[in-house]
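A structural walkthrough
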Amino acid sequence: MQEKRVYLDNAASTRLDERVLEAMTPYFFDTYAVATSEFAYTQGIEARETLDETRGKLAKALGAEPEEFVFTSGSTESSNMALKGVALALGKKKGKHIIVSKIEDFPVLQSAEALEREGFQVTYLDVDGDGLVNLDQLKESITDETILVSIQHANQEIGTIQDIAGIGAVCREKGVLFHTDATHTFGRVPLNMKKIPVDLVTVSAHTIHGPKGIGGLYVRKGTPLTKWMDGGFQEFDLRAGLENIPGAVGFAKAVELITPEENKLLRAMRNHAISRILKEIPDTTLNGHRRKRLPHNVNISFHFVEGESITLHLDIHGFAVSTGSACFSRSLQGSHVIYGIGGDHERAHGSIRITLGRYNTMEEVDAVVDTLAEVISELRKISPLGKEKYGEEV
Amino acid sequence: MKFPYSETVLEHFRHPHNVGEIENPDGKSMEGSPACGDMVAVYIKVAPDKKTIEDIKFESYGCASNIATGSIITELAKGKTLDEAKKITWKEASDALGGLPKIKAHCSVLAIEGLRSAIQNYEEKHGLIKKREPTTVETVRKRLRKVMNPLAGLDLVRTNLVKDIELKDGTVRVAIDLPKNHQFAAAIKEEIDEKIEPLWDVKEVIVDFTE
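Quick caveat: nothing in here was measured; it's all calculated off a predicted structure.

Residues and elements named next belong to chain A. Tracing the backbone through its elements, the reader meets Leu294 in the loop between strand E9 (284–286) and strand E10 (297–302). The sequence separation of Leu294 and Gly241 amounts to 53 residues, and the corresponding C-alpha distance is 33 Å. Dropping the residues within four chain positions of it, Leu294 is found in contact with Ala154, Gly159, Ile161, His184, Thr185, Arg188 and Val189.

Dropping the structure here:
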């Protein structure tokens, strides 16, 4: 067992960058006042200025105006706010139909299901074998009753990046609002509100070495959105609750620290991992699109073996990765994403996701591939599946 | 490191005992399917005079608790008579492993079934089993005792989730006291199908959840 643990689950959470913590610290100990107390005392003014400044930085990173960026507690809240906020605003006025893709992450899927229980109709769009939605199918699904299309920018498990410019254009043409969950792309893949016709965008700090508990929702000027978190009048009266200023400062700093070189290095490590695994380990399938893919995502199914056993063996060797196996999930169901791209049970149960981050190195990528090769070969020896190939001599 | 598994489970997972296939086994079985994410194959060699298990091996496609239970039941069954081995329970296997997480009960119960099925396979081949009995509500209930309620780590019958069982012209209807959008509804339905469908005179299995 190796001493150092190697974390390769950066789509789930990331290690905080020290520089982010350093930027946040003064807002715990010095400027801890409430931003809405700006008319009462100096600390409140400082808090307000800080909040405005960080909002400006994050909006700028998205090519947006400051008043279009609303802070939230993270992507789950942002996506809930987008779907339920639009449903509340337009459900009675325009219609009760929403379109999402089958492979959305749970905040979008479960918000859609919650709205279904409230009498909304939801269309769950199919995706192709790479995970891409079909623009013609989208076009055909939009009716006079449709109020919102919510399709992710990139997939949480298989990393496939959707053509959100194309999807946005269809939505514009049909006069329907478009929300995209950009939790996994913000900072890693170009995303500019001036270029892409999208009305609502979910972003979060936890995927880019920022703190947990802070995210945002981009709300294009004029987008009908009803407030559903009631209390105070914060965030342009769209989201009540005490502003998380240290979190906001950390979020802005995390975005600032990402460089094109870093994304290039992640892509190189990703490509290296994928090509080595597919070449060196037989009976493997890459899940997700080969090119239209997050720069830090690797997702591969290992046939004849089950994912939880793979992750546990890797963990014993010091590597943290994730799987789409039913055994691993709290619902005991295999990955809905792998089923969505046409995969069978075996492909879902044998899928392993490796997501890279700032603190990973090429040596670690090589080490995890070496270990994977050993683990897969051992597990195949004891599996009743694929025996003619891998079974021990009887 | 703190895993949800005991040291013994991890030891059997890392170094499973009696792994592999027996050439020309006297009895063999394959339980589970890729659908539920777990499969176990069990092979036995039986001493013809004493009817004891002389050798036993297993293969597993599954998670750690599946592999570890497969390993421990081969240890528990070796040397026992068929009648003794049939009586090995999930509880005994779980205790021998120092306990298993509740939510993993359904993966590990498979190995116990694998052992029983391998013995049944031997008995069938050697004319030790009487003619096929028609399925009754009791047969169904007995099989449902092998479907785990992941909330409790105990079976559906014991946790009072089975509201009703109906049998008509080969169609089995099972009413389960859980809402259909419950976290485990789909997993439970799959497991019920898997346990009831193989009964020789069952044509269709319908699982009703509450609204």
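Now that the structure is up, let's keep going.
Quite often, the size of an interface is put as the accessible area lost when its parts meet. Residue and element names in this part refer to chain B. The domain architecture assigned to chain B consists of domain 1 (7–125) and domain 2 (137–210). Per element, the largest residue contribution to the side of domain 1 that touches domain 2 is four residues, and it comes from helix H5 (residues 105–125). Of the residues assigned to the side of domain 1 that touches domain 2, the class counts are five nonpolar, two polar and two charged.

Residue and element names in this part refer to chain A. The four strands are arranged E9-E10-E13-E12 in an open sheet whose pairing can be described as antiparallel. Here the strands that pair on one side only, and so sit at the sheet edges, are E9 and strand E12 (322–323). Sheet strands in contact with helix H10 (residues 260–280) are E9, E10 and strand E13 (351–355), and its direction is about 15 degrees off that of E10.

Let's shift gears to the pairing of strand E6 (residues 162–168) of chain B. All names here are of chain B. Pairing geometry for E6 and strand E7 (residues 171–179), over six bridges, is antiparallel. Across the sheet, Ile165 pairs through a bridge with Val174, a residue of E7. Hairpin remark: E6 followed by E7, antiparallel, with two residues in the connecting loop; positive phi at Asp169, about 45 degrees.

Facing the 25 residues of chain A at the interface are 26 residues of chain B. Secondary structure elements with two or more residues in the side of chain A that touches chain B: helix H11 (307–316) and helix H13 (345–349) of chain A. Per element, the largest residue contribution to the side of chain A that touches chain B is four residues, and it comes from H11 of chain A. For the side of chain A that touches chain B, a count of residues per class yields eleven nonpolar, nine polar and five charged.

Residues and elements named next belong to chain A. By domain assignment, chain A separates into domain 1 (74–242) and domain 2 (259–390). The gap between the C-alpha centroids of domain 1 and domain 2 is 28 Å. Facing the 19 residues of domain 1 at the interface are 21 residues of domain 2. Residues belonging to the side of domain 1 that touches domain 2 are distributed by class as follows: seven nonpolar, eight polar and four charged.

Attention shifts here to helix H1 (residues 7–14) of chain B. Inspection of H1 of chain B places Val9, His12 and Phe13 of chain B among the buried residues, and these make up the whole buried set. Along the long axis of H1 of chain B, the arc covered by the buried residues comes to 105 degrees, so they all point the same way.

Attention shifts here to the sheet that holds strand E3 (residues 52–61) of chain B. Remark on secondary structure: sheet strands pair via backbone hydrogen bonds, oriented parallel or antiparallel. All names here are of chain B. An order of E1-E2-E3 is seen for the three strands of this open sheet, with the pairing classed as antiparallel. Strands with a single pairing partner mark the edges of an open sheet, and in this sheet they are strand E1 (27–33) and E3. Averaged over neighbouring strand pairs, the angle between their axes works out to 15 degrees when direction is ignored. Where E1 lies against strand E2 (residues 38–47), seven bridges are found, and the strand directions are antiparallel. Each residue of the ladder has a partner; that of Lys28, found in E2, is Tyr43.

The rules behind each value
- Residues numbered from 1 in each chain as written.
- Chains lettered and ligands numbered in written order.
- Predicted model: local features only at pLDDT ≥ 70, side-chain atom pairs only at ≥ 80, totals over all residues.
- Helix = DSSP H or I, 4+ residues; strand = E, 2+ residues; numbered from the N terminus.
- Contact = placed C-beta atoms within 7 Å.
- Domains from an automatic or database assignment.
- Nonpolar A, V, L, I, M, F, W, Y, C, P; charged D, E, K, R; others polar.
- Pairing = 2+ DSSP bridges.
- Axes fitted to C-alpha atoms, helices over the stretch in contact; angles between N-to-C directions.
- Buried ≥ 20, exposed ≤ 12 C-beta atoms within 10 Å, placed from the backbone.
- Arc of directions from axis to C-beta.

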